[in-house]
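# Architecture at a glance
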Amino acid sequence: MTVMISLPVLIPLIAAGLMLLTPSRLAQRIINTIATFAHLCVGAWLLWYVMEHGIQAVQMGNWPAPFGISFVADTLSASMVLITGFMGFLVGLFALSDIDKEHEHFGFYPLYQILIMGVTGAFLTGDLFNMFVWFEVMLMASFVLLALGGRRAQLEGSVKYLVLNFLSSGLFLTAIGILYAEVGTLNIAAIGRLVAESERSLSIMTVAMLLLVSFGLKAAVFPLFSWLPASYHTPPVTVSAIFAGLLTKVGVYALIRVFTVIFTADVAFTHGLILVISILTMITGVLGAAAHFEIRRILSFHIVSQIGYMTLGLGLFTAPALAAATFYILHHIIVKTNLFLISGTIRHIKGSEELKKIGGLYKMYPWLALLFLIPAMSLGGVPPLSGFFAKFTLVREAMGIGAYISVGVALLVGVLTLYSMTKIWAEAFWKPDPDEEREKEVKRIPVMMWVPIAVMAAATLCIGFYPEWLLTIANRAGEELMDPSRYIQAVLEPRQ
Amino acid sequence: MEIVMAISIGGIYAMAVYLMLRRSLVKVILGVMLFGQGVNLLIFASAGMTRDHAAVIPGNAETVIGPSADPLPQALVLTAIVIGFGVVAFTLALVHKTQQAMQTDDVDKMKEDDG
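Treat the numbers as computed from the prediction; the structure is a model and nothing was measured.

What counts as what
- Residues numbered from 1 in each chain as written.
- Chains lettered and ligands numbered in written order.
- Predicted model: local features only at pLDDT ≥ 70, side-chain atom pairs only at ≥ 80, totals over all residues.
- Core = buried A, V, L, I, M, F, W, Y, C linked by C-beta atoms within 7 Å.
- Buried ≥ 20, exposed ≤ 12 C-beta atoms within 10 Å, placed from the backbone.
- Contact = placed C-beta atoms within 7 Å.
- Helix = DSSP H or I, 4+ residues; strand = E, 2+ residues; numbered from the N terminus.
- Expected span 1.5 Å × (residues − 1).
- Nonpolar A, V, L, I, M, F, W, Y, C, P; charged D, E, K, R; others polar.
- Axes fitted to C-alpha atoms, helices over the stretch in contact; angles between N-to-C directions.
- Parallel < 35°, antiparallel > 145°, perpendicular 65-115°, else oblique.
- pLDDT = per-residue confidence, 0-100.

## Concerning the nonpolar core
Grouped together as the largest cluster of nonpolar side chains are 214 residues, with contacts concentrated most on A:L115, A:M138, A:I176 and A:L394. If we skip the residues at most four places from it in the chain, A:M138 touches A:L115, A:G118, A:V119, A:A122 and A:V250.

Shown next as structure tokens:
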């Protein structure tokens, strides 16, 4: 058991260590592919085990729960680990043809593994301070990946990203300090139990708000999202794809974790606030996207608007709403990463992502056009793709509760998302290429670019046509999140 | 003792925020570093400020003898200092590189240029 929960963290660690010992580029590529595939397999095994046997918890170094560091895998964290492995593997394949020699030489692959390790660790840990440490591991790797290459735009984006994330980490630590002074433990499950019994709601509420700001910054919710569109379009596409897929979702995951296990005393205020923030996030993100004409910038703003849907599920705070949020996160990671990879392929073909400067892709690359349409329509929520079920479950639940403003905004933002996607479609694919000589030439797209895009599109279709299995997982996750006593019990009173 | 600590931590936070709101990038970074120090002090103070023995178990005993300071926040601070040190080192290198590339230290003048 111990091994199974630690493996998703150990595999990238060992891989990164091996890579640092072997400077050979080929060896690093091979290790990267094998390690990410192993991570994917272990993730699938972990999720299967959790679905069969319930929430699993292990104590590091055999120190019993509130004293040692716990690693916990419930349905949400196990499925997040699985999707991290899935994205890590596919984006790793894409990297093989996208990342240039210089980046490889400066340690792209070890950093990539460390990034995956940090993300996985943050999903699995059951200790608040340990979560901070995993955040820092992930951020450190992401700082370097973002700045590697050193173009002006990259440096400018990195500075914003770094300062705001440092601020967020500082607020997280402040919250940890106050919380420790208040309850005397940092184990999430133990805090959950103590806070439920505690009378002192004022300082607990302070902590809740500090964590909301800190995790909100990492998740890029309104009004703390400005670092994301400023930095995500600058590094190589592989890097922005994995960032877009995973990093903000770690913030969303952390929000869901603390606002279901710990801060449930004053739901009307805390979750009401999250609901308002979600609505504003959805609107500002989608409006920002409408104003831009570079593919990756448009997609970056859509990350912000989609984060709003996920936190909306948390704000509504019912089991089906949390299930819908889980479904939304899993669907969104696949679709968004895929769209970034496609933008990289377009850059590879046309040498630019400015919609004004490119065109004519439909004529010469009909298959790429089809592969773009699948995730783009899914992002907008067109049936029968995965995004439809994600939005449908969320909107149905909001309707059931009577949160009609949320319903209206969610549907409107869906339409505006479609507008942005059709803008990319019309400009990049349909419109004739402004450069007439370039229009006729056909560049070969490397296999390693095709394969990840096609697999992710297939996954989107698969979720769209057979949503039951993912809905089962999401519903389990939602039920577990609404009943934190199961999580607390699994950590503090392990069955012998 | 706690009141002195609380006031100084609050003062450091205020100074850090003031510095971070400046337009000069170097001052922003100084603010960030100061913020990190304030946070470390806050965690250090989180177990209460008392004059007690260090929480070290003597060689012939099973548990700590008598009252002692809570060792956990000290361990946490140590971790936070190390991480903060790493991030600050990287930040300084990045700011140096940025300053070289942009020829300016003013955050407002750093306009993007996709070249």
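Text resumes after the structure shown.
## Overview of helix α7 (residues 152–183) of chain A
Residue and element names in this part refer to chain A. A rise of 1.5 Å per residue sets the reference length of α7, with its 32 residues, at 46 Å; its end C-alpha atoms lie 46 Å apart and thus fit the reference within 8%. Along α7, 26 of the 32 residues are buried, which leaves the element largely enclosed by surrounding structure. Downstream of α7 by one or two residues, G184 has phi in the positive range, about 75°.

## With respect to the interface of chain B and chain A
Often the size quoted for an interface is simply the accessible area lost on bringing the parts together. Listed by partner, the interface residues are 29 residues for chain B and 24 residues for chain A. The element best represented in the side of chain B that touches chain A is helix α3 (residues 71–102) of chain B, accounting for 14 residues. Tallied by class, residues from the side of chain B that touches chain A come to 18 nonpolar, seven polar and four charged.

## Some words on unusual backbone geometry
Residues and elements named next belong to chain A. The step from F222 to P223 runs through a cis peptide bond, and the omega angle for that step is -5°. Here P223 is to be found in the loop between α9 (201–219) and α10 (227–231). Note that the residue after P383, namely P384, is joined by a cis bond; omega there is 5°. Residue position: P384 is located in the loop between α16 (366–380) and α17 (386–401).

## Topic: the packing of helix α6 (residues 128–147) of chain A against α3(B)
For the pair α6(A) and α3(B), interaxial distance at closest approach is 11 Å and the crossing angle is 10°. The orientation of α6(A) relative to α3(B) falls into the category roughly parallel. Side by side, α6(A) and α3(B) meet where A:F129, A:V133, A:E136, A:M140, A:F143 and A:A147 of the first sit next to B:L76, B:T79, B:I83, B:G86, B:V87, B:F90 and B:L94 of the second. Residue composition of the contact of α6(A) with α3(B), by class: ten nonpolar, two polar and one charged.

## Some words on the confidence of the model for chain B
Residue and element names in this part refer to chain B. With 96% of its residues at a pLDDT of 70 or more, chain B shows a mean pLDDT of 85. Helix α1 (residues 2–20) holds the highest mean pLDDT among the elements of chain B, 93, whereas α3 holds the lowest, 89. Both confidence scores are given for the complex: pTM 0.93, ipTM 0.91.

## Some thoughts on helix α21 (residues 468–482) of chain A
Residue and element names in this part refer to chain A. Taking 1.5 Å per residue, 15 residues should reach 21 Å; α21 reaches 21 Å between its end C-alpha atoms and fits that length. Among all positions of α21, only I473, A474, R476, A477, G478, E480 and L481 are buried. In this structure, the buried residues of α21 make contact with α2 (25–53), α3 (75–98), α11 (237–261), α14 (319–350) and α22 (484–492).

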